[in-house]
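The residues making up each chain are set out below.
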Amino acid sequence: MSRRTALGLLAGAGAMAACASPGAPAPVFPVDPEPLKDLAKAKGLLFGTAMAAYQVDDPEYVRLVQADCGVIVAENEHKWYTIHPQPDVWNFEPADKLVGFAQANGLKMRGHTVIWHHPRWFPDWVNNLTFSSAAEAEAMLSDYITRVASRAHPFIHEWDVINEAVDDKTGELRETSFSRAMGGPLNVIEFCFRKTAEVSPGTRLAYNDYMSWESGNENHRAGVLKLMEALLKRGAPLTVFGMQSHSNFDMPDEFTPAKQKAWRQFCDEAAGMGLDFSLTEFDVNDTRLGPDVARRDELIASFTKDYLDIMLSYPQTKELLMWGLVDKYSWLQSFLPRTDGVEKRPTLFDSNYQPKQMREAVAAALRAAPVRS
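All values reported here derive from a predicted model rather than from experimental measurement.

Asker: Account for the overall build of the chain, naming residues and giving values.
Answerer: Within the chain one finds 13 helices and 9 strands. For a compact globule of 373 residues, the expected C-alpha radius of gyration is about 21 Å, and the chain comes in at 20 Å, within 12% of that figure. Across its three principal directions, the C-alpha atoms of the chain cover 70 × 45 × 45 Å.

Asker: Before we move on, could you go through the nonpolar core and cite the residues and values that matter?
Answerer: Counting residues in hydrophobic clusters, the biggest one holds 99 residues, and the most contacted among them are I115, F178, F193, Y207, F241, W263 and L325. A per-element tally of this core places helix α12 (residues 293-312) first, with 8 residues. Among the nonpolar cores identified, the runner-up in size contains 6 residues, and A50, V71, V73 and W323 belong to it.

Asker: Which residues make up the layout of surface pockets, and what are the values?
Answerer: As a volume, the largest pocket reaches approximately 760 Å³. Taken together, 29 residues form the lining of the largest pocket, with E164, Y210, N248, W331 and F335 sitting closest to its centre. Here the lining of the largest pocket is built from residues that sort into 8 nonpolar, 12 polar and 9 charged.

Asker: Break down the packing of helix α10 (residues 218-233) against helix α11 (residues 257-271) for me, citing the residues and quoting the values.
Answerer: α11 packs onto α10 with a crossing angle of 5 degrees between their chain directions and a minimal axis gap of 10 Å. The pairing of α10 with α11 is recorded here as roughly parallel in orientation. Taken together, the residues of α11 that come into contact with α10 (itself represented by R221, L225 and M228) are A262, W263, F266, E269 and A270. By residue class, the composition of the contact of α10 with α11 is 6 nonpolar, no polar and 2 charged.

Asker: Go over unusual backbone geometry, please, and point to the residues and values.
Answerer: Across the junction of H112 and T113, the peptide omega takes the value 0 degrees, indicating a cis bond. Structurally, T113 is set in strand β3 (residues 108-116). P154 follows H153 through a cis peptide bond whose omega is 5 degrees. Tracing the chain through its elements places P154 in the loop between α7 (134-149) and β4 (156-163). The backbone of S245 sits at a positive phi, close to 70 degrees, despite the residue not being glycine. With a relative accessible area of 7%, S245 lands in the buried category. Positive phi is not limited to glycine here, since L336 has a value of about 50 degrees.

Asker: Give me the environment of D32: which residues, what numbers.
Answerer: Along the chain, D32 falls in the loop between α1 (3-19) and α2 (36-42). Once the C-alpha coordinates of D32 and A363 are considered, the two residues, 331 residues apart in sequence, prove to be 6.7 Å apart.

Asker: Provide a residue-level description of the pattern of salt bridges, including the pertinent values.
Answerer: If you walk through the whole model with that rule in mind, you get 25 salt bridges. The salt bridge partner of D57 is K97, with a shortest N-O separation of 2.8 Å. Taken together, the residues D57 in the loop between β1 (46-51) and α3 (59-68) and K97 in helix α5 (residues 93-104) connect sequence positions 40 residues apart. What makes K97 partly exposed here is its relative accessible area of 33%. When the shortest N-O distance is used, the salt bridge between R338 and D286 registers 3.9 Å. Taken together, the positions of R338 in the loop between β9 (317-322) and α13 (357-368) and D286 in the loop between β8 (276-284) and α12 put the pair 52 residues apart, joining distant regions of the chain. When salt bridges that share partners are traced, they join R110, E158, D160, R204, D276 and K318 into one network.

Procedures and definitions
- Residue indices begin from 1 for each chain and proceed along its sequence in written order.
- pLDDT decides what is reported in this predicted model: residues at 70 or higher carry local features, side-chain atom pairs at 80 or more are listed and counted, and totals for whole chains, interfaces and linings draw on all residues regardless.
- To get the side-chain values, take all heavy atoms of the structure and skip hydrogens and water.
- Under the DSSP-based scheme used, a helix requires at least four consecutive residues in state H or I and a strand at least two consecutive residues in state E, with every element numbered from the N terminus.
- The size measure is the radius of gyration over C-alpha atoms, and the globule rule it meets is 2.2 Å times the number of residues to the 0.38 power.
- Residue types Ala, Val, Leu, Ile, Met, Phe, Trp, Tyr and Cys, when buried and joined through side-chain atoms within 4.5 Å, form a set referred to as a nonpolar core.
- Only protein chains enter the accessibility calculation, which uses a 1.4 Å probe. A residue is then buried if its area is under 20% of the maximum for its type, exposed if over 50%, and partly exposed in between.
- Here the term cavity refers to a set of points on a 1 Å grid, laid over the protein atoms alone, in which a 1.4 Å probe fits but cannot get out; the term pocket refers to an open set having protein on both sides within 12 Å along at least five of seven lines, with lining residues being those that place an atom within 4 Å of a point.
- Grid points are joined across faces, edges and corners, and a volume is the space filled by probe spheres set on the points.
- Think of it as three bins: nonpolar holds Ala, Val, Leu, Ile, Met, Phe, Trp, Tyr, Cys and Pro, charged holds Asp, Glu, Lys and Arg, and polar takes everything else, Gly as well.
- A fitted line through C-alpha atoms serves as each axis, taken over the contacting stretch for helices, and the angle formed by two N-to-C directions is quoted from 0 to 180°.
- When an angle is under 35 degrees it counts as roughly parallel; over 145 it counts as roughly antiparallel; between 65 and 115 it counts as roughly perpendicular; any other value is oblique.
- Here a residue-residue contact requires only that any non-hydrogen atoms of the pair lie within 4.5 Å.
- Salt bridges, as used here, are contacts in which a Lys or Arg side-chain nitrogen is within 4 Å of a carboxyl oxygen on Asp or Glu.

The structure is reproduced here in structure tokens:
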């Protein structure tokens with residue numbers, strides 16, 4: 001780590017102390033000057049973050065990525081609505097910019113996502129398609145997957161082949177214009193895995209979803225397990241389970257022993273399928289926490305350590321990616337916004353690019369994690 005980065009971490013610790021209210025407890029986790037990517041590598045893990053193409057032009061954000069990350073993933077640049085927004089438009093420029101940045105900086109890259117199997121996130125023109133046959137739908141998917149999944153091969157080492165195909169309320173698979181033509185969602189999902197494996201051989205292939213430990217996720221969790229079991233029974237080349245690891249609705253102080261037990265049971269079932277785990281989109285929502293910065297940071301950091309201690313105890317867990325590094329850029333600023341207008345603090349660094357207790361909690365969890373092959 002450079003002297004500049006180390007001084008920045010120490011300055012961040014001072015900034016946290018300065019903003020704490022009088023009589024607030026001392027930070028739970030000490031400043032750890034070791035790069036997170038190095039702590040992860042020592043345990044057989046990859047550590048990194050989501051990144052947007054415009055952030056390549058933010059030198060302070062780039063500094064944080066270079067200092068702490070060994071891998072990046074595109075936030076939105078590899079999604080259908082960016083790449084193929086109109087029938088006659090193909091736009092790879094934002095994705096290519098991120099791939100070029102990763103290559104120039106010695107970073108690995110995850111792909112997210114080949115197909116977001118959710119009507120809300122397909123362009124309207126895709127949702128409105130009526131295919132004359134299953135073969136016609138397959139041909140369109142085949143062309144799209146070939147263009148996307150082969151473009152940066154073999155540089156992209158892991159793809160979220162399918163994202164969020166399970167309805168979070170019912171646990172059933174979501175229907176799309178493709179599934180209506182191809183005999184159901186499972187046929188579409190299996191086709192996408194096989195085609196991605198064909199055009200991107202050797203790449204780790206994941207199913208990615210946002211089921212979580214939170215209240216009301218029971219049907220979602222059961223549906224995800226059912227889907228992955230069905231894919232494996234069909235011999236689909238699914239090798240990785242992508243657990244997004246957002247905590248959107250329940251707050252970090254609601255990670256009770258009962259919820260932890262239920263979550264472990266879910267993870268045990270997934271581990272029993274022989275899949276690796278990637279924690280793909282970690283951040284912590286603070287919508288309903290009080291406005292006090294020090295107290296919010298303490299609760300978020302404590303949850304971060306508890307959650308990661310569970311997940312890193314699984315030897316199947318091979319990657320940990322934050323869904324952004326800096327508070328001001330986080331999607332959570334506009335999702336479920338706070339009613340008091342106070343800025344959220346869901347990521348490792350504040351909006352002045354200074355490290356917070358959450359960053360040190362990640363470091364502590366990585367230091368405590370067992371080594372994996």
